[in-house]
Amino acid sequence: MKAIDDVAKRLDELDLHYIRSDKALHLHWQTEHFEDLRIKIVTNEAESWLYIIARFSDFSDIPQRLRYDFTVEMLKASWKYNGIKFAISQDNDVIVVSQTNDTELTKDELSTLVESVVNGCEVLWQISSSLGNAGLPKHNTDSKNH
């Protein structure tokens, strides 16, 4: 877990608080639109890629009549915002992801990636808000281990 250890050191240098689990680091953010935005930092098994992931909501929480518009707006945002992806995971979660194959990041690089994910969640909030909040919560606390 050398890559996760290195990221933990960078987070310490940035004075960002996190919780460590088996193979991940978990950060909690409070923003204007989120009471408890949870961000997870993981690597692939070979530790050659680093992923910063925030779960926005369950796609099923979006009313059926708004799903098409929401996904189109997510796709547009994916092209518009550099460094992050808006996606629906295999678990049916709406997520924001930033990834890099540079696992030896400086603290500034790591800060940029984390901030990009936080800002990406704000973008999704704006999208859902423009669609009448699309049934999405003000925070992403959930029973899933994200």
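Quick note: structure is the one above.
All of the points below concern the structure found in this document.

Structural notes on the overall build of the protein chain
And step 1. Scanning the protein chain for helices and strands turns up three helices and six strands.
And step 2. Reading the secondary structure of the protein chain in the N-to-C direction produces α-β-β-β-β-α-β-β-α.
And step 3. In terms of overall size, the protein chain behaves like a compact globule, its C-alpha atoms giving a radius of gyration of 15 Å where 146 residues would be expected to give roughly 15 Å.
And step 4. Across the 146 residues of the protein chain, 42% fall into the buried class.
And step 5. Looking at the protein chain alone, contacts between residues at least 24 apart form 59% of all its contacts between residues at least 6 apart.

As for the sheet that holds strand 4 (residues 50-58)
And step 1. Spatial strand order, 1-2-3-4-6-5: six strands in an open sheet with antiparallel pairing. Pairing within the sheet leaves two strands with one partner each, and these edge strands are strand 1 (19-20) and strand 5 (85-88).
And step 2. Pairing analysis gives four bridges linking strand 5 to strand 6 (residues 93-100), with the strands arranged antiparallel. Bridging from a neighbouring strand, F86 pairs with V96 of strand 6.
And step 3. In the packing of helix 1 (residues 2-13) onto the sheet, contacts are made with strand 1, strand 2 (25-29), strand 3 (37-43) and strand 4, and the angle to strand 3 comes to roughly 140°.
And step 4. On the sheet, helix 2 (residues 64-80) packs against strand 4, strand 5 and strand 6 and is oriented at approximately 150° with respect to strand 5.

Describing the environment of L113
And step 1. By the element assignment, L113 lies in helix 3 (residues 107-130).
And step 2. Sequence separation of L113 and H28 is 85 residues, and the distance between their C-alpha atoms is 15 Å.

Observations concerning the environment of F56
And step 1. Here F56 lies in strand 4.
And step 2. Note on F56: relative accessible area 2%, which makes it buried.
And step 3. The sequence separation of F56 and I39 amounts to 17 residues, and the corresponding C-alpha distance is 9.8 Å.

Some points on the pattern of salt bridges
And step 1. Within this structure, the stated rule accounts for six salt bridges.
And step 2. With a closest N to O distance of 2.7 Å, D6 and K2 form a salt bridge. Of the two residues, D6 and K2 are both situated in helix 1; the distance of four residues between them amounts to about one turn of the helix.
And step 3. On the basis of relative accessibility, which here comes to 14%, the residue D6 falls in the buried class.

Examining unusual backbone geometry
And step 1. Although it is not a glycine, D15 sits at a positive phi angle of roughly 60°.
And step 2. Considering the arrangement of structural elements, one finds D15 in the loop between helix 1 and strand 1.
And step 3. Residue E47 is not a glycine yet carries a positive backbone phi of 60°.
And step 4. Position of E47 relative to the elements: it lies in the loop between strand 3 and strand 4.

Criteria and thresholds
- Residues numbered from 1 in each chain as written.
- Predicted model: local features only at pLDDT ≥ 70, side-chain atom pairs only at ≥ 80, totals over all residues.
- Heavy atoms only, no water.
- Helix = DSSP H or I, 4+ residues; strand = E, 2+ residues; numbered from the N terminus.
- Rg over C-alpha atoms; globule rule 2.2 N^0.38 Å.
- Buried < 20%, exposed > 50% of the residue type's maximum accessible area, 1.4 Å probe, protein only.
- Contact = heavy atoms within 4.5 Å.
- Pairing = 2+ DSSP bridges.
- Axes fitted to C-alpha atoms, helices over the stretch in contact; angles between N-to-C directions.
- Salt bridge = Lys/Arg side-chain N within 4 Å of Asp/Glu carboxyl O.

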